[in-house]
Amino acid sequence: MSKQKHVTAADLIPKDRAKVLRVSATTILRKKFLAMGILPGVTIEMIRHAPLGDPIALKIKGYHLSLRKSEAKHILVEKVK
Amino acid sequence: MNIRLTDAHIDKEIKIISIEGGRGLKDKLTEMGLVPGEVVRKKEHLKNGPVILEVKGTRLAIGRAMADKITVDERVGKKSITIALAGNPNSGKSSIFNNLTGARQHVGNYPGVTVEKKEGIAYYGDYAINVVDLPGTYSLATYSLDEVVARNFILDEKPDLIVAVVDASNLERNLYLTTQFMELEVPLVMAMNMSDVAKQAGQHINDNSLSELLGLKVVQTVGNKNRGTTELLKSIIDTYQQKPHFRKVAVNYGREVEEELLKVNNLLNEKDLLITHYPSRWLSIKLLEDDSQIIEHIGSQPNTEALIKQSIVSRDHIRSIFADEPETVLADRRYGFISGVLRETITHTAEAHVRLSDTIDRIVANRILGIPIFLGVMWLMFKSIFSLSQKPMELIEIAQGWVGSVVSSLLPQNSLIQGFIVDGIIGGVGSVLVFVPIIFLLFFCMAILEDSGYMARIAFIVDRFMHKIGLHGRSFIPMLLGFGCNVPAIMATRVIESKKDRLTTILINPFMSCGAKLPVYMLFIGVFFSKEAASNVLFSLYIIGFLMAVVMAKILRQFVFKGESAPFVMELPPYRVPTLKALIIHMWERGRLYIKKAGTVILVGCVIIWALSALPLSSKGDLTKSYVAKIGRFVEPVIRPLGFDWKIGTALIAGVVAKEIVVGTLGVLYGAGEDEAEGSLSLRKALQEDTYPSGKKVFNPLVAYVLMLFVLLYIPCLSTAAVIRKETGSWGWMFFSVGYSTFLAWLVAFIVYQGGRFLGF
């Protein structure tokens, strides 16, 4: 697969699936991400935006996780088909 | 064998046989739960000092003289062990706790419900098992208070065993926490909970190979149906007795990381002091993970510079090899270990469960339908809480009136004792009880929202809006409830995980215009504003209250509760049908706390306010000569710039008990009688006609409006203050709340009054 332009989890639209490339967050947020299973190599699926557009819900490791877009910006991803 | 409590052994179950001594002593001990037949545990015995007992999960100190008078039976042969229940939020940990101990405790479906430490006792064979329910956490990385609490308990209190409760339908993430327990080298048993849901979804788990691979006993449980409890108890004792003996399993972090771990570990092993306290491999891992608590702990010990330096070198080394933070590398290895284990033990995953939940979310969290549904649910909740509680509240008031009149007929007329008992005590108890229906209903509704999983969706739906005003999505419900009554509203802030967010929400909540302020508005709007203006005036008060809350939230976040807000990152747990039993337990647990904790403060407060209005004796029931009126006159210079006279001051002080009392007090002061004061024509007339000696009218529309503003904003009522005290666990925050809101009320009233006068109103 050719290398795509890097996007973040905040840029995904519902039904997009993506592989996490890198988590570039501050210590507290990074630790929270790690505890919730967000780390490089993991596949995430964008499920939906909240009615007001933020936060968003992702599917990861078989469960649903919600996070603010400002937090999702720290997750660099690569879309997968 | 009967012995004196003073001679009983530490940490053993003891049964109270008898208590010598007079009634006073017995009553006092009974109040503390020490009655013959009660099983307690002696925790400590300070030399010549008090004996520390554990009674029903709480600790009590008893003077030595008292302890000498208590005869107890040491249940010889019952061995006592302490275990900790730990697991992710939403793993059903609380229901396992209830099954084990029979104790009542809340079962939630919302991350972070279990904040307090809950304990209970289970019996199995020769053992008395002290069960501690740790806060639900996803990790032990100590970035949140819950994690700190859970980790410190395991490290410092050293339980004999940990029961790791995992959600069978969400194993991958749940096992992440389990791997961290494994590293703490505490004996472990795994409760594979909600195994029925996982099975239904077509998941098959090979328990035996899972046991082998993780080195611990796995027990299938269904918490909400009380299945697997006996097997779990048996496995706890078996594991404690080390049969069967499992091989020790540790996550392998890969050659590069393991080499660095070894380097750190070698240096650690030279420091005996450190490793007698904590497992050394775990300490090494934490050093590589840059765990601030551990680094601080080690850094504070002598001669650890080389160790700290090595850990920095090792971290840099790992970072250079993997081009990522060491924590990420280690977490990745843990998840790798977990997926390896799951590959060998699991067929199919419990996807179906999540899919059903997702289907519901497609409607409930829909971009178009989400908000209408949410508003509908809120309206339904608000409506049912406040309308269903109306009848019982009226009944309580009628009962209070009836008891009051019966009792007062039995007592000498117009005596101080009659006033004290009828107005002080019965009135005080009445103001506690009158909130009971509303609070129980509130907690019932909250339990439905939490246990079903909808609470997390509420946070999801409203977070954007709440975040704008510096708060969290979960602050919404308390603010909404505040329009009804601040007492339940402040109790509802328990669903807010972050302490800063919770305190902010508590402190701004009293600005929401509650039901008790309405009679005051009705009186003054009715008297001083035209019918056409009435609804606009009323609406403006609600809006000003809300805007004040928003502004104060911003200010508090900026200056008092500074710093980054807690991450929103939150699980959206699968929807579940709550069990009635869990809902009732939840409602009862929290409702009981209100009666117990807030009730006493409210009662005392009512008695004090009563005393101020009935004393001194020379006032002979004339309110204008009472202490309240004296205080009213005393504060008059302060409220003068707001256009208020001493009568208003007196009413405002009496209104501290409950804001609607402002109306009744004005009724008394104007000699219009207390009954139905808001509709009383004589009071309306008196308000319109009252003049200062100079001939100037006391009230005009401006003064009336300023007074309503002041009532809206000033000191939260006594009950609310009591609940603030209870929920923040601090007198300081209560006084802060009382002080700043009253100051703010004064400021706003001053600006509006002086501004209004300047503009010629």
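Quick note: structure is the one above.
So, here's what we can say about the structure. Everything numeric here is computed off the predicted structure, so don't read it as measured data.

The next subject is the overall build of chain B. Scanning chain B from N- to C-terminus turns up 33 helices and 15 strands. Over its C-alpha trace chain B gives a radius of gyration of 31 Å, about what one expects of a compact globule, namely 27 Å for 761 residues. For chain B, the C-alpha atoms occupy an extent of roughly 95 × 70 × 55 Å along the three principal directions. A buried classification covers 56% of the 761 residues belonging to chain B. The contacts in chain B between residues at least 6 apart in sequence include a share of 71% that link residues at least 24 apart. Within the structure as shown, chain B displays about 32,600 Å² of accessible surface, and the carbon and sulfur contribution to it stands at 61%. Taking the 81 positively charged and 73 negatively charged side chains of chain B as two groups, their mean positions are separated by 4 Å.

Before going further, it helps to spend a moment on the nonpolar core. Most often, soluble globular proteins keep nonpolar side chains buried together rather than apart. Core analysis: the biggest nonpolar cluster contains 107 residues, and Ile458(B), Ile477(B), Ile508(B), Phe524(B), Phe644(B), Phe699(B) and Met708(B) have the highest contact counts within it. Looking at this core element by element, the count peaks at 12 residues for helix 31 (residues 701–713) of chain B. Apart from the residues within four sequence positions on either side, Ile477(B) is in contact with Met378(B), Met381(B), Met446(B), Leu449(B), Met455(B) and Ile458(B). Ranked by size, the runner-up nonpolar core spans 86 residues in total, among them Leu12(A), Leu29(A), Phe33(A) and Tyr63(A).

On to the environment of Leu12(A). Residues and elements named next belong to chain A. Mapped onto the secondary structure, Leu12 falls in the loop between strand 1 (7–8) and strand 2 (17–23). Residue Leu12 is classed as buried on the basis of its relative accessible area of 1%. Excluding its chain neighbours within four sequence positions, the residues that come into contact with Leu12 are Ala18, Ile44, Met46, His49, Val77 and Lys79.

A word on the pattern of salt bridges. Per the stated rule, a full pass over the model turns up 32 salt bridges over all chains. For Glu289(B), the salt bridge goes to Arg334(B), with nearest N and O atoms at 2.9 Å. Remark: Arg334(B) occurs in helix 14 (residues 326–345) and Glu289(B) occurs in the loop between helix 11 (280–288) and helix 12 (292–299); sequence separation between them is 45 residues. The same class applies to Glu289(B) and to Arg334(B), which are both buried. Across the pair Glu394(B) and Lys391(B) runs a salt bridge whose closest N-O atoms are separated by 3.2 Å. Here Lys391(B) and Glu394(B) lie together in helix 17 (residues 390–410), a separation of 3 residues that amounts to about one turn. For Glu394(B), a relative accessible area of 35% translates into the label partly exposed. On the accessibility criterion, Lys391(B) (56% relative accessible area) is exposed. What emerges from the salt-bridge pattern is a single network uniting Arg30(A), Asp290(B), Arg315(B), Asp316(B), Arg319(B), Glu325(B) and Glu327(B).

Thresholds applied
- Residues numbered from 1 in each chain as written.
- Chains lettered and ligands numbered in written order.
- Predicted model: local features only at pLDDT ≥ 70, side-chain atom pairs only at ≥ 80, totals over all residues.
- Heavy atoms only, no water.
- Helix = DSSP H or I, 4+ residues; strand = E, 2+ residues; numbered from the N terminus.
- Rg over C-alpha atoms; globule rule 2.2 N^0.38 Å.
- Buried < 20%, exposed > 50% of the residue type's maximum accessible area, 1.4 Å probe, protein only.
- Contact = heavy atoms within 4.5 Å.
- Areas by Shrake-Rupley, 256 points an atom, 1.4 Å probe, with all protein chains shown as cover.
- Lys, Arg positive; Asp, Glu negative; His and termini not counted.
- Charge placed at Lys NZ, Arg CZ, Asp CG, Glu CD.
- Core = buried A, V, L, I, M, F, W, Y, C linked by side-chain atoms within 4.5 Å.
- Salt bridge = Lys/Arg side-chain N within 4 Å of Asp/Glu carboxyl O.

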